[in-house]
There are 2 protein chains.
Amino acid sequence: MRSLFHMPLDPQSRKIRLILAEKGLTARLVVTPPWDGHEDLARANPAMSVPVLIDEPPTGGEIAVAPDAVIAEYLEEAYAKPALMPATSAGRAEARRLAAWFDIKFEADVNAPLLRQRVDARLQGRRDKDPDAIRRGLDALAWHLDYASWLLEQRSWLAGDKLTIADLAAAAHLSASDYLGIVPWTEFPEARAWYQKMKSRPSMRPLLADRLDGLAPSAHYADPDF
Amino acid sequence: MRSLFHMPLDPQSRKIRLILAEKGLTARLVVTPPWDGHEDLARANPAMSVPVLIDEPPTGGEIAVAPDAVIAEYLEEAYAKPALMPATSAGRAEARRLAAWFDIKFEADVNAPLLRQRVDARLQGRRDKDPDAIRRGLDALAWHLDYASWLLEQRSWLAGDKLTIADLAAAAHLSASDYLGIVPWTEFPEARAWYQKMKSRPSMRPLLADRLDGLAPSAHYADPDF
């Protein structure tokens, strides 16, 4: 059966869960802390990162796919419908640019200093909070919401007039930040309206049901009308 | 005319130069330090990173494409021949995995602490060498060469029996490290034989002719029979 090695609050893992759900594909979710040096993970992905998709493609056999951006391309090629990328070259470049924006830039600016410090450090029993890094992360979060709002003033979805991997990457990252209750939604009405729309999609439901032992989500985390 | 905003020793920029050359595409190269806050760069890529490809696709108009992994996908779609990815899903996943391996993991483990400290810090007039980071970077470089050698014991090229974006990403990163003379080639004969083969390709020639003001390359940098 199709499996996904993942971590519940890892944004890149969440993006792949969203892509699978939007394409109507099911997968067994296997919680796999990358720092545990798990043998199955090492065999499937020598880079020792999650997510890793173990797929049984329609053409037969078994295939291990990683990292997240490669899984996204693989799923779009192997399971074309519904398409999560536009049909034109320019449209695809824009959807991929914005997915990478969240997976690389939002990750480095916001989720690395905030989410990973809170969640991963906690799971590993570390405590190395850096107040300056937290302040810079929160400033960056506001700047990213401002950029998303600017895009959403011109477009129904982040990369154009249809839902794409850009929206799924953004929702994956922002939903993880939102678990911590650090997203200033009220200051960014366009981004908030877009996230309300995202939250009401069936693909988001399993993510909004995630709960971490000993770390409760923000009060509005699962509420589509926050 | 097609343009590439790049930095000569930036590995991701080098990868795109190699892909363009392998596909027989020419581009005007525009040296663009990302830390200068250049207006053309901000307009073409709000993430303010290089490389950025400004293309005039066969279908008309002008398009700005970034970051590097998105440019690679764009070029493979817009200029399919010669193909730099295998035809099968599994083959494409493996070529993309290894390209990402160098662009994400080799970059973080080796080129961020070694190359970027030496080259970018120098260009920006900074001096912040960290001896521990340098030692860890060199250890990681040997580990990566070991992994590449293991792959090349089983395959003619990194991702299989044909040249792919994996080889171009690896050559882009290793050629930048090799400019500094830090690659212990003699200890890794398989990796060395592969790099000799790469160096003799016409696509590599412009990279091997790059010279940085005030920082001479290693003696064997441009020599295919090093």
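Check the entry above for the structure.
Starting afresh in each chain, residues are numbered from 1 along the sequence in its written order. Whichever chain is written first is A, and whichever ligand is written first is 1; the rest continue in order. This being a predicted model, a pLDDT of at least 70 is required before a residue's local features are given, and a value of 80 or more before pairs of side-chain atoms are given or counted; all residues contribute to the totals for chains, interfaces and linings. The basis for every side-chain value is the complete set of non-hydrogen atoms in the structure, without hydrogens or water.

Caption draft 1: Expanded view of the sheet that holds strand β2 (residues 28–31) of chain B. Residues and elements named next belong to chain B. Two strands form a pair only when DSSP identifies at least two bridges running between them. Here a helix means four or more residues in a row that DSSP labels H or I, a strand means two or more in a row labelled E, and each is numbered from the N terminus. Pairing in this open sheet of 4 strands is mixed, and the strands run β2-β1-β3-β4 from one edge to the other. Whereas interior strands pair on both sides, the edge strands pair on one side only; in this sheet they are β2 and β4 (63–65). Taking each pair of neighbouring strands and ignoring which way they run, the sheet shows an average axis angle of 20°. Strand direction decides the pairing type here: strand β1 (residues 3–6) and strand β3 (residues 52–55), joined by 3 bridges, are antiparallel. Within the sheet, the bridge partner assigned to Phe 5 lies in β3 and is Val 52. For this analysis, residues touch if any pair of their heavy atoms sits within 4.5 Å. Angular values range over 0 to 180 degrees, each being the angle between N-to-C directions of two axes fitted as lines to C-alpha atoms, with helices fitted over their stretch in contact. Where helix α3 (residues 68–78) meets the sheet, its contacts fall on β3 and β4, and the angle it forms with β3 comes to roughly 30°.

Caption draft 2: Inspection of the pattern of salt bridges at higher detail. Salt bridges are counted wherever a side-chain nitrogen of Lys or Arg sits within 4 Å of a carboxyl oxygen of Asp or Glu. In the structure shown here, the tally under the stated rule is 38 salt bridges over all chains. Arg 97 of chain A is the partner of Glu 94 of chain A in a salt bridge, and the nearest nitrogen-oxygen pair spans 2.9 Å. Residue Glu 94 of chain A and its partner Arg 97 of chain A are located together in helix α4 (residues 89–123), separated by 3 residues, close to a single helical turn. The same class applies to Glu 94 of chain A as to Arg 97 of chain A, namely buried. One salt bridge connects Lys 15 of chain B with Asp 68 of chain B, and the closest N-O pair in it is separated by 2.9 Å. Of this pair, Lys 15 of chain B sits in helix α1 (residues 11–22) while Asp 68 of chain B sits in helix α3, placing them 53 residues apart in sequence. Accessible area is worked out with a 1.4 Å probe on protein chains only. A residue is then buried under 20% of its type maximum, exposed over 50%, and partly exposed in between.

Caption draft 3: Fine view of the relation of the copies chain A and chain B. Each copy of the sequence occupies a distinct position, and chain A is placed on chain B by a rotation of 180° and an axial shift of 0.0 Å, giving an RMSD of 0.0 Å. Overall, the copies show the geometry of a two-fold rotation axis. To line up the copies, we fit them by least squares on C-alpha atoms, keeping just the residues with pLDDT of at least 70 in both.

Caption draft 4: Summary view of the sheet that holds strand β4 (residues 63–65) of chain A. All names here are of chain A. With respect to topology, 4 strands assemble into an open sheet ordered β2-β1-β3-β4, the strand pairing being mixed. This sheet does not close on itself; its edge strands, each paired only once, are β2 (28–31) and β4. Direction aside, neighbouring strands of the sheet carry axes that sit 20° apart on average. Against the sheet, helix α1 (residues 11–22) contacts β1 (3–6), β2 and β3 (52–55), and its axis sits at roughly 155° relative to β1. With respect to the sheet, helix α3 (residues 68–78) is in contact with β3 and β4, its orientation differing from that of β3 by roughly 30°.

Caption draft 5: The arrangement of the interface of chain A and chain B in detail. With 22 residues of chain A in contact, the opposing surface of chain B contributes 22 residues. Interface area, chain A with chain B, both sides summed: about 1800 Å², of which 67% is carbon and sulfur. What gets called buried area is simply the loss in accessible area from a 1.4 Å probe that two parts show on being joined, summed for both. Considering only the surface of chain A that becomes buried against chain B, Glu 77, Arg 96 and Arg 97 of chain A emerge as the three largest contributors, covering 25% of it. Here chain A is connected to chain B by 6 salt bridges. Ionic pairing is found between Glu 73 of chain B and Arg 96 of chain A, a salt bridge with its closest N-O pair at 4.0 Å. Polar contact is the term for a pair of N or O atoms within 3.5 Å; when the atoms are in protein, one must be able to donate a hydrogen and the other to accept it, and sequence-neighboring residues count only if both atoms are side-chain atoms. Put simply, chain A and chain B have 4 residue pairs in polar contact (both at pLDDT 80 or more) between them. Those elements giving two or more residues to the side of chain A that touches chain B turn out to be β4, α3 and α4 of chain A.

Caption draft 6: Local environment of the side chain of Thr 164 of chain B. Position of Thr 164 of chain B relative to the elements: it lies in the loop between α5 (131–154) and α6 (165–179). Setting aside its immediate chain neighbours within four residues, Thr 164 of chain B contacts Leu 84, Pro 86, Ala 95 and Ala 159 of chain B.

Caption draft 7: Focus on helix α5 (residues 131–154) of chain A. Residues and elements named next belong to chain A. To estimate the expected span of a helix, count its residues, drop one, and scale the result by 1.5 Å. Compared with the 34 Å implied by 1.5 Å per residue over 24 residues, the 36 Å span of α5 between its first and last C-alpha is a close match. Packing partners of the buried residues in α5 comprise α4, α6 (165–179) and α7 (189–199). Where α5 begins, the side chain of Asp 130 points an oxygen toward the backbone nitrogen of Asp 132, at a separation of 3.0 Å.

Caption draft 8: Focus on the packing of α6 of chain A against α7 of chain A. Residues and elements named next belong to chain A. Close contact between α6 and α7 brings their axes to 11 Å; oriented N to C, the two are set at 95°. Compared by their axis directions, α6 and α7 come out roughly perpendicular. Touching Asp 167, Leu 168, Ala 170, Ala 171, Leu 174, Ser 175 and Asp 178 of α6 are Trp 194, Tyr 195, Met 198 and Lys 199, all from α7. Classifying every residue of the contact of α6 with α7 gives 7 nonpolar, 1 polar and 3 charged. We call two directions roughly parallel when the angle between them is under 35 degrees, roughly antiparallel when it is over 145, roughly perpendicular when it lies between 65 and 115, and oblique otherwise. Under the grouping applied here, Gly and all other residues not named as nonpolar or charged are polar, the nonpolar ones being Ala, Val, Leu, Ile, Met, Phe, Trp, Tyr, Cys and Pro and the charged ones Asp, Glu, Lys and Arg.

By themselves these figures say nothing about function.
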